[in-house]
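Fold and contact review
Read off the chains here:
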Amino acid sequence: MPGRKVATRPRKLPRAVVLIGFMGAGKTSVGSALARQLGWVFEDLDDRIERHEQRKVHEIFRDSGEAGFRRAEHSALKEVLSELRGGAERILALGGGAFVQVHNASLIRAAGVPTVFLDAGIEELWRRCRRQAEQHGVERPLLGSLEHFHQLYKARRPHYLRASLSLETGGKTVKRIAAEVVQTLGLDRRGGSRGEKQ
Ligand code: S3P
């Protein structure tokens with residue numbers, strides 16, 4: 001099926017899923033819907049970083065630079081993965097740069113948690129980010145100009161494509177994307193499913 005790729009299908013049904021993709025890919029909205037459908041907890045890694053650092057992401061970038069942010073991101077990721085090893089059921093959304101750091105990608109692979117790349121066209125991603133900035137005041141330190149955004153996306157996409165599953169999200173509702181993730185990863189085959197909470 002176009003726009004869908006399953007590189008590795010986990011032998012055991014996963015108890016956690018990691019969502020990756022560029023800024024504006026819908027990781028938070030799809031992740032929340034997915035968690036609702038499965039009755040799992042949703043977590044955004046950036047929220048954990050902000051809790052630990054007692055600063056907003058844009059403040060970490062401003063005061064400690066991108067390198068400081070990546071260090072905090074890596075340590076938050078290590079922490080959450082160790083919780084997942086204990087069997088926690090969770091949907092984890094990563095910030096757009098997290099999976100691009102090879103040591104982060106290796107940690108996730110070693111933990112055996114499937115990754116889902118939410119993809120969309122560059123114009124659509126840009127539109128969503130601009131809208132979130134204008135309507136909801138979302139500050140993304142790496143948003144920059146459209147040209148910079150485009151270059152960053154081109155450089156990162158090959159990394160994202162190493163995910164267990166890649167899904168094209170353009171023109172689809174959040175609910176439909178979440179349902180595709182559930183179906184493709186076989187999460188609808190879980191025994192004792194709590195079903196979807198509307
Ligand atoms: C980043 C994306 C952001 C956040 C940080 C860095 C990136 O998350 O982690 O600003 O490198 O693309 P979103 O992808 O949720 O915007």
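Residues numbered from 1 in each chain as written. Predicted model: local features only at pLDDT ≥ 70, side-chain atom pairs only at ≥ 80, totals over all residues. Heavy atoms only, no water.

This part is about the layout of surface pockets. Counted as a void, the largest pocket has a volume near 880 Å³. Around the largest pocket, the lining is made up of 39 residues, and of these Thr28, Asp44, Asp46, Val138 and Arg140 lie nearest the centre. Looking at the lining of the largest pocket, the elements with two or more residues in it are helix H1 (27–38), helix H2 (45–53), helix H3 (57–85), helix H5 (122–136) and helix H7 (174–184). With six residues, the top contributor of residues to the lining of the largest pocket is H3. (1 Å grid on protein atoms, 1.4 Å probe; cavity = no way out; pocket = protein on both sides within 12 Å on 5 of 7 lines; lining within 4 Å. Points joined across faces, edges and corners; volume = space filled by probe spheres on them. Helix = DSSP H or I, 4+ residues; strand = E, 2+ residues; numbered from the N terminus.)

For the coordinates displayed, the defined rule picks out 17 salt bridges. A salt bridge links arginine 130 to glutamate 134; the nearest nitrogen and oxygen atoms lie 3.1 Å apart. Of this pair, arginine 130 and glutamate 134 both sit in helix H5, four residues apart, roughly one helical turn. Salt bridges here are not isolated pairs; linked through shared partners, they connect Glu43, Arg48, Glu79, Glu83 and Arg90. (Salt bridge = Lys/Arg side-chain N within 4 Å of Asp/Glu carboxyl O.)

It is worth spelling out the pairing of strand E2 (residues 16–20) at this point. Within a regular beta strand, the side chains point alternately toward one face of the sheet and then the other, so they alternate between its two faces. Counting buried positions along E2 yields five of five residues, so the element is predominantly enclosed. A two-sided burial pattern is seen for E2, the buried positions comprising Ala16, Val18 and Ile20 on one face and Val17 and Leu19 on the other. Relative to strand E5 (residues 115–119), E2 is paired through three bridges, and the arrangement is parallel. The residue bridging isoleucine 20 from the neighbouring strand is phenylalanine 117, located in E5. (Buried < 20%, exposed > 50% of the residue type's maximum accessible area, 1.4 Å probe, protein only. Pairing = 2+ DSSP bridges.)

What follows is about the site of the ligand. Taken together, 14 residues lie around the ligand, and Lys27, Asp46, Arg70, Arg140 and Arg156 are the ones closest in. At 2.7 Å from an oxygen atom of the ligand is found a side-chain nitrogen or oxygen belonging to arginine 70. For the ligand, an oxygen atom lies 2.8 Å from a polar atom in the backbone of glycine 96. When isolated, the ligand has an accessible area of 380 Å², and the protein chains bury 93% of it. Comparing atom positions with the cavity grids shows the ligand to sit within the largest pocket. The biggest single contributor to the shell around the ligand is H3, with four residues. For the shell around the ligand, the class distribution of residues is six nonpolar, three polar and five charged. (Near = heavy atom within 4 Å. Polar contact = N/O pair within 3.5 Å; in protein donor to acceptor, adjacent residues only side chain to side chain. Areas by Shrake-Rupley, 256 points an atom, 1.4 Å probe, with all protein chains shown as cover. Sits in = over half its atoms within 2 Å of the grid points. Nonpolar A, V, L, I, M, F, W, Y, C, P; charged D, E, K, R; others polar.)

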